[in-house]
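# Coordinates in review
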Amino acid sequence: MNPAPYKTLMKRGEESFVINKSRFIGQGAPVQSEEEALAFIRAIREKHHDATHNCYAYVVGRNFGIMRYSDDGEPGGTAGLPMMEVLKAQKVTDCAVVVTRYFGGILLGAGGLVRAYTQGAAAALRGAGVGTMYPTARYLVDLDYSLLGRAEHYLKDQPVRVEDKTFAEKVTLTLVVRQQDEQAVIDGLTAATLGRAEPVRFEEFYLPWQEPERDQ
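Residues numbered from 1 in each chain as written. Predicted model: local features only at pLDDT ≥ 70, side-chain atom pairs only at ≥ 80, totals over all residues. Heavy atoms only, no water.

## Side note on the sheet that holds strand 2 (residues 13-19)
- Pairing in this open sheet of 5 strands is antiparallel, and the strands run 2-3-6-4-5 from one edge to the other. Of all the strands in the sheet, just strand 2 and strand 5 (66-70) have a single pairing partner and so form its edges. Each adjacent strand pair in this sheet contributes to an overall mean axis angle of 10°, direction not counted.
- Together, strand 4 (53-60), strand 5 and strand 6 (95-102) form the strand contacts of helix 2 (residues 80-90), whose direction differs from that of strand 4 by roughly 35°.
- Sheet strands in contact with helix 3 (residues 109-128) are strand 2, strand 3 (22-30), strand 4 and strand 6, and its direction is about 150° off that of strand 2. (Pairing = 2+ DSSP bridges. Helix = DSSP H or I, 4+ residues; strand = E, 2+ residues; numbered from the N terminus. Axes fitted to C-alpha atoms, helices over the stretch in contact; angles between N-to-C directions. Contact = heavy atoms within 4.5 Å.)

Here's what the structure looks like:
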């Protein structure tokens, strides 16, 4: 059985907003380990060392095995836990978010803080972008020059990316395809090239793929 897709953040990113003169900055990043999550948090704390609070939440592991959060001096349960609830609701993992607060002089109250840090975590996810990572395979495919047109005509309508094309004694295509699609794509390519394509699977990894559009 193929490994399952999972949701994570696509890049480092941030968004900021102001509530009752307090400035909040939601910052997010993809991470591969708890060490990376903690390094990201340290970097944000160093960058915003003059902030009133740098609250965080992070989730690591495809099974969501590591979940940590901190209120960083805000009243208990008003910052880190609401941020974690946003991550859980979005079902993202291998990611860390930090919400920085510069206090503006007006107290928000417990409910106001919960709403502000919830908004901050959501802003971090928007800034970093949430994507679906799919198990993906990479292929090298050697073709006779006479078959290149057939192959390209077939591939242009398939859920596959042509990463590279090199020309030597034969044409070599570098293809990436989701594992859930690879058998159908490779079988179809073989048929389209009259059984003469020579695909070699040489790598597997996770890669973000755009979700297919669905008819309304």
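## Re the pattern of salt bridges
- Summed over the entire model, instances satisfying the criterion amount to 17 salt bridges.
- Lysine 47 is paired through a salt bridge with glutamate 14; the nearest N and O atoms lie 3.8 Å apart. Here the residue lysine 47 occupies a position in helix 1 (residues 34-47), and glutamate 14 occupies one in strand 2, the gap between them amounting to 33 residues.
- Assessed through its relative accessible area of 52%, lysine 47 is described here as exposed.
- Here arginine 196 ties to aspartate 144 by a salt bridge, and the two come within 3.0 Å at their closest N and O atoms. Of this pair, arginine 196 sits in the loop between helix 5 (179-192) and strand 10 (198-208) while aspartate 144 sits in the loop between strand 7 (130-143) and helix 4 (148-155), and the two are 52 residues apart along the sequence.
- Residue classification places arginine 196 among the partly exposed residues on the basis of a relative accessible area of 41%.
- Taking relative accessible area as the criterion, aspartate 144 reaches 25% and is therefore assigned partly exposed.
- Here the residues in one salt-bridge network are Asp144, Lys170, Arg196 and Glu198, joined through shared partners. (Salt bridge = Lys/Arg side-chain N within 4 Å of Asp/Glu carboxyl O. Buried < 20%, exposed > 50% of the residue type's maximum accessible area, 1.4 Å probe, protein only.)

## Structural notes on the packing of aromatic side chains
- Applying the stated criterion across every chain yields a total of 5 aromatic pairs.
- Each ring, one from tyrosine 56 and one from tyrosine 58, has its centre 5.9 Å from the other, and the planes form 20°; the classification is stacked.
- Consider the rings of tyrosine 145 and phenylalanine 167, whose centres lie 6.1 Å apart with planes at 35°: the pair is tilted. One end of the pair, tyrosine 145, is in the loop between strand 7 and helix 4; the other, phenylalanine 167, is in strand 8 (residues 160-167), and 22 residues separate them in sequence.
- Residue tyrosine 145 is classed as partly exposed on the basis of its relative accessible area of 42%. (Phe/Tyr/Trp six-rings, centres within 6.5 Å; stacked < 30°, edge-to-face > 60°.)

Shape descriptors only; they carry no functional weight alone.
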